Amino acid sequence: MCEAMERIEARGEARGKREGKRETMIETAKRLLANGKLMLKEIAECSGLSLAQVKKLQASMA
């Protein structure tokens with residue numbers, strides 16, 4: 001039973017890390033969009049998001 005609980009806990013930690021990383025990527029893209037000095041492709045490269053995700057984020061900020 002202990003091993004099962006440890007696996008569940010490890011999966012939860014991994015999921016939390018993925019979600020945290022994604023939030024960081026989104027916040028980075030938002031700051032770069034607000035700055036207005038980079039092209040969308042550059043923001044995608046810097047943030048780690050796809051160009052489509054950056055465009056969607058830009059539209060949601062308008």
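An account of the accompanying structure is given in this report. No experiment lies behind these values; they were computed from the predicted model shown. (Residues numbered from 1 in each chain as written. Predicted model: local features only at pLDDT ≥ 70, side-chain atom pairs only at ≥ 80, totals over all residues. Heavy atoms only, no water.)

### Describing the side chain of Ser47
Phase 1: When you line up the elements, Ser47 lands in helix 2 (residues 40–47).
Phase 2: Here Ile43 takes part through its backbone oxygen, which lies 2.8 Å from a polar atom of the side chain of Ser47.
Phase 3: Only 3.2 Å separates the side chain of Ser47 from the backbone nitrogen of Leu49, close enough to count as a polar contact.
Phase 4: Setting aside its immediate chain neighbours within four residues, Ser47 contacts Met25, Thr28, Ala29 and Val54. (Helix = DSSP H or I, 4+ residues; strand = E, 2+ residues; numbered from the N terminus. Polar contact = N/O pair within 3.5 Å; in protein donor to acceptor, adjacent residues only side chain to side chain. Contact = heavy atoms within 4.5 Å.)

### Points about the packing of helix 1 (residues 2–35) against helix 2
Phase 1: At a minimum axis separation of 9 Å, helix 1 and helix 2 run at an interaxial angle of 150 degrees. By the criterion of interaxial angle, the relationship of helix 1 to helix 2 is roughly antiparallel. Pair helix 1 / helix 2 crosses with right-handed handedness. Contact with helix 1, carried on its side by Met25, Thr28, Ala29, Leu32 and Leu33, involves Leu40, Ile43, Cys46 and Ser47 of helix 2 and no other residues of that element.
Phase 2: Tallied by class, residues from the contact of helix 1 with helix 2 come to 7 nonpolar, 2 polar and no charged. (Axes fitted to C-alpha atoms, helices over the stretch in contact; angles between N-to-C directions. Parallel < 35°, antiparallel > 145°, perpendicular 65-115°, else oblique. Left-handed = near helix turned anticlockwise from the far one by under 90°. Nonpolar A, V, L, I, M, F, W, Y, C, P; charged D, E, K, R; others polar.)

### Considering helix 1
Phase 1: The end-to-end C-alpha separation of helix 1 is 49 Å, in line with the 50 Å expected for 34 residues at 1.5 Å each.
Phase 2: The set of residues buried in helix 1 consists of Met25, Ile26, Ala29 and Leu33.
Phase 3: Buried residues along helix 1 sit against helix 2 and helix 3 (51–61).
Phase 4: Downstream of helix 1 by one or two residues, Gly36 has phi in the positive range, about 75 degrees. (Expected span 1.5 Å × (residues − 1). Buried < 20%, exposed > 50% of the residue type's maximum accessible area, 1.4 Å probe, protein only.)

### Topic: the packing of helix 1 against helix 3
Phase 1: Orientation of helix 1 relative to helix 3, taken along the N-to-C sense of each, is 60 degrees, at an axis distance of 10 Å. Both helix 1 and helix 3 take part in a crossing whose hand is right-handed. Only Gln53, Val54, Leu57, Gln58 and Met61 of helix 3 make contact with helix 1, whose side of the interface consists of Arg22, Ile26, Ala29, Lys30, Leu33 and Ala34.
Phase 2: Along the lines of polarity and charge, the residues of the contact of helix 1 with helix 3 split into 7 nonpolar, 2 polar and 2 charged.

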